[in-house]
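Topology and contacts: notes
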Amino acid sequence: MENWTNGIAQITLPTPFEVGDVHVYLIKDETITLVDAGALTEVAWQQFKVSLKKLGLTPEDIDQIVLTHHHPDHVGLVDKLPKSTPVLAHPNADRWIFRTEEFKTLHRETFTEWFEHFGIPEKFSFYLDLLLSPMDYACQRKLDISLTEGMTLPGHPEWTVLETPGHATSHISLFREKDGMLMGGDVLLQHISSNPILEPPLQKGGERHKPLVDYIITLERLAELNPTTVYPGHGEIMDGGVGELIHKRLKAQDDRAHKVMEMLKVKEHLSVFEICKKLFPHAYKTQLPLTISETIGQLDYIEFVKNRGVQK
Ligand SMILES: [Zn+2]
C-alpha cells in the first residue's frame with residue numbers, strides 16, 4: 001500500500017524473525033510522522049528507502065518517529081534515520097531502545113531468579129544467554145519525547161495516544177476519533193494472537209507485572225472504543241469486524257485458562273514449567289521464554305478472573 005489513504009501510508013518491510021514482515025506507517029498532516037521503524041537490517045533499510053521514494057519522500061522528510069512498542073522489529077531502523085529526528089514512545093520503551101549495562105544485568109538477574117522460581121530445569125538455562133539477542137536488531141537511541149495516555153500526538157491534533165499494555169509494557173496505540181482509525185502496533189493482529197511477554201520490573205526487586213491481565217484489560221478497552229479500522233504491525237489491515245475479532249481472542253483466552261484450571265484440579269501443585277509443558281508439549285522446547293510468559297499469563301489470568309468474580 002505505497003500510497004496515501006486518509007493521510008496514512010503503509011510500508012511493509014522484511015524482518016529476520018519468525019513473525020515475518022512488519023508494517024510501518026506514515027501519518028501526514030502538517031507534520032510527517034513515521035509510526036514504527038522495522039528491524040535493523042540492511043535489506044529492510046534499502047526497502048524502506050525505495051518505498052519512501054514511491055511516496056515522494058526521503059528519510060530527511062520524516063519529522064518524528066513514534067514507536068508503538070520497543071520490540072526490535074518495530075524500532076531497529078531508528079538507527080538509520082537522522083539523529084536529529086526525534087523519537088517518541090512510552091517512557092517504558094526507553095530502557096529497551098537504549099540498553100545500558102545496568103539494564104542488561106537487571107534483565108539477566110531477574111530471569112535467572114524467575115527460571116528457578118518457575119521450576120525450569122538446569123538444562124534450559126542456556127536460554128538466559130539468548131533472551132536479549134533479538135535486541136541486536138533494535139536501535140540504540142535515547143527516547144526524546146514521552147507519550148502517555150490521553151496525550152495529543154505532537155503535530156497531529158486529531159490523533160490521541162492510548163496506553164495499550166500487554167504485549168509489551170511500553171505499548172501505545174494512536175487513535176483518530178473522527179473516523180475511528182487505530183494505529184495498533186501489535187495490540188490486535190488478524191491472523192495470530194499477540195503474545196503477552198514478561199519483562200523485568202522497572203527497578204531491581206520490583207513486583208512482577210502481569211502481561212496477560214494487562215492485555216485482557218487492553219482488549220476490553222479496545223472493544224469499547226470500537227475502532228472502524230486497525231492498522232496493525234503484522235498481517236492484514238482490519239477494516240470492520242474488529243469487535244468480533246476481539247471477542248474471539250477473549251473467548252480463546254478463556255478456553256485456554258479453563259484448560260489450565262482442569263490441570264490444577266487433577267494435580268494442585270504443578271510448577272509453572274510443568275504446566276507449560278502440558279500447554280505447549282512441543283513448542284516449549286524451542287520457544288521456552290515465549291511459552292513460559294504465556295503460561296504465567298494463564299495463572300495470572302485465573303487469579304484475576306477469580307478476584308473480579310468476588311468484586312462483582
Ligand atoms: Zn511486538
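Residues numbered from 1 in each chain as written. Predicted model: local features only at pLDDT ≥ 70, side-chain atom pairs only at ≥ 80, totals over all residues. Heavy atoms only, no water.

**Points about the pattern of salt bridges**
All chains considered together, the criterion is met by 15 salt bridges. Salt-bridge contacts for aspartate 94 lead to lysine 142; the nearest nitrogen and oxygen are separated by 3.1 Å. One end of the pair, aspartate 94, is in helix 3 (residues 94-97); the other, lysine 142, is in the loop between helix 5 (127-130) and strand 6 (145-146), with 48 residues separating them in the sequence. (Salt bridge = Lys/Arg side-chain N within 4 Å of Asp/Glu carboxyl O. Helix = DSSP H or I, 4+ residues; strand = E, 2+ residues; numbered from the N terminus.)

**A short note on the coordination of the zinc ion**
Surrounding the zinc ion are the protein donor atoms His69 (NE2), His71 (ND1), His167 (NE2) and Asp186 (OD), at 2.1 to 2.5 Å. In this structure, the zinc ion is surrounded by four donor atoms whose angles at the metal cover 87 to 175°, and the resulting shape is irregular. Positions of the donor residues of the zinc ion, expressed as sequence spacing, correspond to H-x1-H-x95-H-x18-D. One end of the pair, histidine 69, is in the loop between strand 4 (64-66) and helix 2 (72-75); the other, histidine 167, is in the loop between strand 7 (159-163) and strand 8 (172-176), with 98 residues separating them in the sequence. Here histidine 69 falls in the buried class, since its relative accessible area comes to 1%. (Donors = N, O, S within 2.8 Å, 3.2 Å for Na, K, Ca; no water. Tetrahedral: all angles 85-135°; square planar, octahedral: opposite > 155°, others 65-115°. Buried < 20%, exposed > 50% of the residue type's maximum accessible area, 1.4 Å probe, protein only.)

**What about the sheet that holds strand 3 (residues 32-35)?**
Two pairing modes exist for strands in a sheet, parallel and antiparallel, and in both the strands are linked by backbone hydrogen bonds. Spatial ordering of the open sheet is given by 1-2-3-4-5-6, a layout of six strands whose pairing is mixed. Two strands bound the open sheet, and with one partner strand each, they are strand 1 (8-13) and strand 6. Along the sheet, helix 1 (residues 42-54) makes contact with strand 1, strand 2 (22-28) and strand 3, crossing strand 1 at roughly 150°. (Pairing = 2+ DSSP bridges. Contact = heavy atoms within 4.5 Å. Axes fitted to C-alpha atoms, helices over the stretch in contact; angles between N-to-C directions.)

**Things to note about the packing of aromatic side chains**
Where two aromatic rings form a pair, the distance of their centres and the angle of their planes describe that pair. The tally for this structure, following the rule as stated, stands at 10 aromatic pairs. Ring centres 5.5 Å apart and planes at 85° place the aromatic pair phenylalanine 17 and tyrosine 137 in the edge-to-face group. Pair noted here: phenylalanine 17 is in the loop between strand 1 and strand 2 and tyrosine 137 is in the loop between helix 5 and strand 6, with a separation of 120 residues, a long-range link. Looking at phenylalanine 17, the relative accessible area reads 23%, which means it is partly exposed. (Phe/Tyr/Trp six-rings, centres within 6.5 Å; stacked < 30°, edge-to-face > 60°.)

**Regarding the UniProt feature "domain: Metallo-beta-lactamase" (unreviewed entry) in the protein**
According to UniProt, the "domain: Metallo-beta-lactamase" (unreviewed entry) feature falls on residues 21-234. Helix makes up 27% of residues 21-234 and strand 18%, with an end-to-end C-alpha separation of 7 Å. (UniProt positions renumbered as here; feature names shortened; annotations may be inferred.)

**What to know about the environment of asparagine 195**
When you line up the elements, asparagine 195 lands in the loop between strand 9 (181-185) and helix 6 (211-225). When neighbours within four sequence positions are excluded, asparagine 195 is seen to be in contact with Gly166, His167, Leu290 and Glu294.

**Digging into the sheet that holds strand 7**
The strand order 7-8-9-10-11 describes an open sheet built from five strands, whose pairing is mixed. The strands lining the two open edges of the sheet, one partner per strand, are strand 7 and strand 11 (238-239). Sheet topology places strand 7 next to strand 8; five bridges connect them, and they run antiparallel. In the strand pairing of strand 8, tryptophan 159 is matched with arginine 176. Relative to strand 7, helix 6 is tilted by about 150°, and along the sheet it contacts strand 7, strand 8 and strand 9.

**Details of the pairing of strand 2**
Most of strand 2 sits out of view: six of its seven residues are buried. The sheet contact formed by strand 1 and strand 2 spans six bridges and is antiparallel. Considered in strand 2, the bridge of threonine 12 is made with histidine 23. Across four bridges, strand 2 lies against strand 3 in antiparallel orientation. Bridging from a neighbouring strand, lysine 28 pairs with isoleucine 32 of strand 3. The turn joining strand 2 and strand 3, which pair antiparallel and follow one another in sequence, is formed by three residues.

**A short note on the pairing of strand 3**
Both faces of strand 3 are covered, namely the face carrying Ile32 and Leu34 and the face carrying Thr33 and Val35. Pairing of strand 3 with strand 4 involves three bridges; the strand directions are parallel. Within strand 4, the position partnered with valine 35 by the bridge is valine 66. Handedness of the crossover joining strand 3 and strand 4 through helix 1: right-handed. (Right-handed = clockwise from strand over helix to strand, strands pointing away.)

**Some details on the packing of helix 7 (residues 242-266) against helix 8 (residues 272-279)**
Where helix 7 contacts helix 8, the two axes come as close as 11 Å, and the packing angle between them is 120°. On the basis of their axis angle, the class for helix 7 and helix 8 is oblique. Helix 8 is crossed by helix 7, and the crossing has right-handed handedness. Contact with helix 7, carried on its side by Arg256, Lys259, Val260, Met263 and Leu264, involves Ile275, Lys278 and Leu279 of helix 8 and no other residues of that element. Its residues assigned to classes, the contact of helix 7 with helix 8 shows five nonpolar, no polar and three charged. (Parallel < 35°, antiparallel > 145°, perpendicular 65-115°, else oblique. Left-handed = near helix turned anticlockwise from the far one by under 90°. Nonpolar A, V, L, I, M, F, W, Y, C, P; charged D, E, K, R; others polar.)

**A closer look at helix 8**
Those residues of helix 8 lying buried are Val272, Phe273, Ile275, Cys276 and Leu279. An end-on view of helix 8 places all buried positions within 160° of arc, on one side of the element. (Arc of directions from axis to C-beta.)

**Description of a positive patch on the surface**
On the surface, a cluster of positive charge is contributed by Lys123, Lys267, Lys277, Lys278 and Lys285. Structurally, lysine 278 can be placed in helix 8. The class of lysine 278 is partly exposed, set by a relative accessible area of 48%. (Patch = residues over 30% accessible without salt bridge, like charges linked within 9 Å, V, L, I, M, F, W, Y side chains within 5 Å. Areas by Shrake-Rupley, 256 points an atom, 1.4 Å probe, with all protein chains shown as cover. Lys, Arg positive; Asp, Glu negative; His and termini not counted. Charge placed at Lys NZ, Arg CZ, Asp CG, Glu CD.)

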